[in-house]
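Coordinate inspection notes
The residues making up each chain are set out below.
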Amino acid sequence: MDFSLDAVLAHPDAAASGAAGHDAADRLILDESASARRGVDAGAIAVIGDESGALALAAAHDAGGGGAVRVHQDLLTGELALGHNAARVGLVGRTLSLPLDAELVRGARVVLARLPRSLDALRDIAGVVAAYAAPDVVVFAGGRIKHMTPAMNDVLREVFGRVDVTHARQKSRVLVAREPHGGGDPVPAASVVDGVEVRAFGGVFAGAALDIGTRVLLVHAPALAPGTRVVDLACGNGVVAATLALRYPELQVYASDVSAAAVASTRATAAANGVADRVEVARDDALSRLADDSVDVVLLNPPFHRGAAIDERIARDLFADAARVLRSGGELWAVWNSALAYRPALARLVGPTRQIARTPKFTLTASVAR
């Protein structure tokens, strides 16, 4: 089957609109890496940070036999988009989704990557590639110029002997890294916040710290009776789940996030606090693994960025799924940037909503499920 990048659509919830799943940076990465990929089997190519599968599917189409292109996408929605797009273009089975670890890049000769905005996330990626890819690996890491900084070059130079910069095209650029040395498995940042051990892998919101919105949520969090089924939705670094488990020794907490780095961070945070046996962590798109009417309390500090753009649909989708899993009379406790004015949406999607607390920047509300 002929392959065209134009057939690759964005994340599943935008696919209905026909939104493109690639941009100028993807095209530049593919063009700059074309000669390096020539003659390289699919199994010797790894792709990291590919939002909708454009890089992975193009590489799989162009490559010869010898296995599947290995892919790591932090967001589960990216994996879902890759699956949908592989079916659309007839490349099912030509890619393999893996965690960010040794097996993702072991022996890889070419790595294609979208540059993350977080330098810590880039450091995690670079370290794994340098430690486990082939000695002659070439890394093509690109992005939109407005999201790139000279510090990204410096991070790559920590574990690569040579880093070159391509000419710009259509407001995009690619960093080309060779001669790997050192590196290793990602190690989470660590801190202690209000007596709670916090762990965070690169790219997780707030890192190993407590952002001011989540602090408001924890200060005013509801009292929880024994047997309460509670969910930490969009769990991030896991500080909410761990704090609740420490406050209530009988409590079981379910924590969910769409991000692989967040899930790994929450598990590490729970383990560091000795509550891993009472915090169940799932990588999920909202709460799809939970049944309707099965939860008493959901706590949420919703993200409102998709990439670099503000997208209020993310929070609204989370509100709606929280409403689905809450039992009648159960409550969604949500903290949000006051400028986003979520209260009407909460009342409409969940139920009667009252204000619990308000700071100069954040509002905390409790919504009672109908």
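Here, the structure is the one placed above.
Calculation rules
Residues numbered from 1 in each chain as written. Predicted model: local features only at pLDDT ≥ 70, side-chain atom pairs only at ≥ 80, totals over all residues. Heavy atoms only, no water. Helix = DSSP H or I, 4+ residues; strand = E, 2+ residues; numbered from the N terminus. Expected span 1.5 Å × (residues − 1). Bend = angle between axes of the 7 residues up to and from the residue. Buried < 20%, exposed > 50% of the residue type's maximum accessible area, 1.4 Å probe, protein only. Contact = heavy atoms within 4.5 Å. Polar contact = N/O pair within 3.5 Å; in protein donor to acceptor, adjacent residues only side chain to side chain. Pairing = 2+ DSSP bridges. Axes fitted to C-alpha atoms, helices over the stretch in contact; angles between N-to-C directions. Parallel < 35°, antiparallel > 145°, perpendicular 65-115°, else oblique. Left-handed = near helix turned anticlockwise from the far one by under 90°. Nonpolar A, V, L, I, M, F, W, Y, C, P; charged D, E, K, R; others polar. Phe/Tyr/Trp six-rings, centres within 6.5 Å; stacked < 30°, edge-to-face > 60°.

Next up on the list: helix α2 (residues 24–37). With 14 residues, α2 should cover 20 Å at 1.5 Å per step; its first-to-last C-alpha distance of 19 Å lies within 8% of that length. For α2, the principal kink sits at aspartate 31 and spans about 30°. By the burial criterion, the buried members of α2 are Ala24, Ala25, Asp26, Leu28, Ile29, Leu30, Ser33 and Arg37. Summarising the contacts, the buried residues of α2 are in contact with β1 (45–48), α3 (54–62), β4 (110–114), β5 (138–144) and β7 (172–180). The opening residue of α2, the one whose side-chain oxygen lies 3.0 Å from the backbone nitrogen of alanine 25, is aspartate 23.

The strands that make up a sheet pair up through hydrogen bonds in the backbone, lying either parallel or antiparallel. If you walk across this open sheet you meet the seven strands as β3-β2-β1-β4-β5-β7-β6, and the pairing is mixed. Since the sheet does not close on itself, it has two edges, and those belong to β3 (95–97) and β6 (160–165), each with one partner. On average, adjacent strands in this sheet sit at an angle of 20° to one another, irrespective of strand direction. When strand β2 (residues 69–72) meets β3, the two strands line up parallel, connected through three bridges. Residue valine 71 lies in a different strand from β3, and its bridge partner there is serine 97. Of the strands in this sheet, β1, β2, β3 and β4 touch α3, which is tilted by about 175° from β2. Seen against the sheet, helix α6 (residues 119–132) touches β1, β4, β5, β6 and β7 and runs at an angle of roughly 125° to β6.

The next point concerns the packing of helix α8 (residues 212–219) against helix α9 (residues 239–247). The contact between α8 and α9 brings their axes to 11 Å, and the two run at 20°. It follows that α8 is roughly parallel to α9 by the angle criterion. Crossing of α8 against α9: the hand is right-handed. Contacts between α8 and α9 involve Thr214, Leu217 and Leu218 from the first element and Val239, Val240, Thr243 and Arg247 from the second. Considering only residue class, the contact of α8 with α9 consists of four nonpolar, two polar and one charged.

This part takes up the packing of aromatic side chains. A complete count under the given rule lists two aromatic pairs for this structure. Both rings, one in phenylalanine 319 and one in tyrosine 342, keep their centres 5.3 Å apart while their planes meet at 85°; by these two values the pair is edge-to-face. Of this pair, phenylalanine 319 sits in helix α11 (residues 313–325) while tyrosine 342 is found in the loop between β16 (326–337) and α12 (343–349), placing the two residues 23 residues apart along the sequence. Here phenylalanine 319 and tyrosine 342 have matching classes, each one buried. Ring geometry for tryptophan 336 against tyrosine 342: centres 5.8 Å apart, planes inclined by 65°, an arrangement best described as edge-to-face. Judged by relative accessible area, tryptophan 336 falls into the buried class, the value being 5%. Within the aromatic cluster, the residues linked to one another by ring pairs are Phe319, Trp336 and Tyr342.

Bridge analysis of strand β8 (residues 189–193) against strand β9 (residues 196–200) gives five bridges, and the strand direction is antiparallel. Considered in β9, the bridge of valine 193 is made with valine 196.

Taken together, the seven strands give an open sheet; going across it, the order is β12-β11-β10-β13-β16-β18-β17, and neighbouring strands pair in mixed fashion. Looking along the sheet, the strands with just one partner apiece sit at the ends: β12 (279–283) and β17 (353–358). Within the sheet, the average angular offset between the axes of one strand and its neighbour, ignoring direction, is 20°. Where strand β10 (residues 230–233) meets strand β13 (residues 295–300), four bridges bridge the pair, whose relative direction is parallel. The partner of valine 230 across the bridge, within β13, is valine 297. Helix α10 (residues 260–272) rests against β11 (253–257) and β12 of the sheet, and its axis sits at about 170° to β12.

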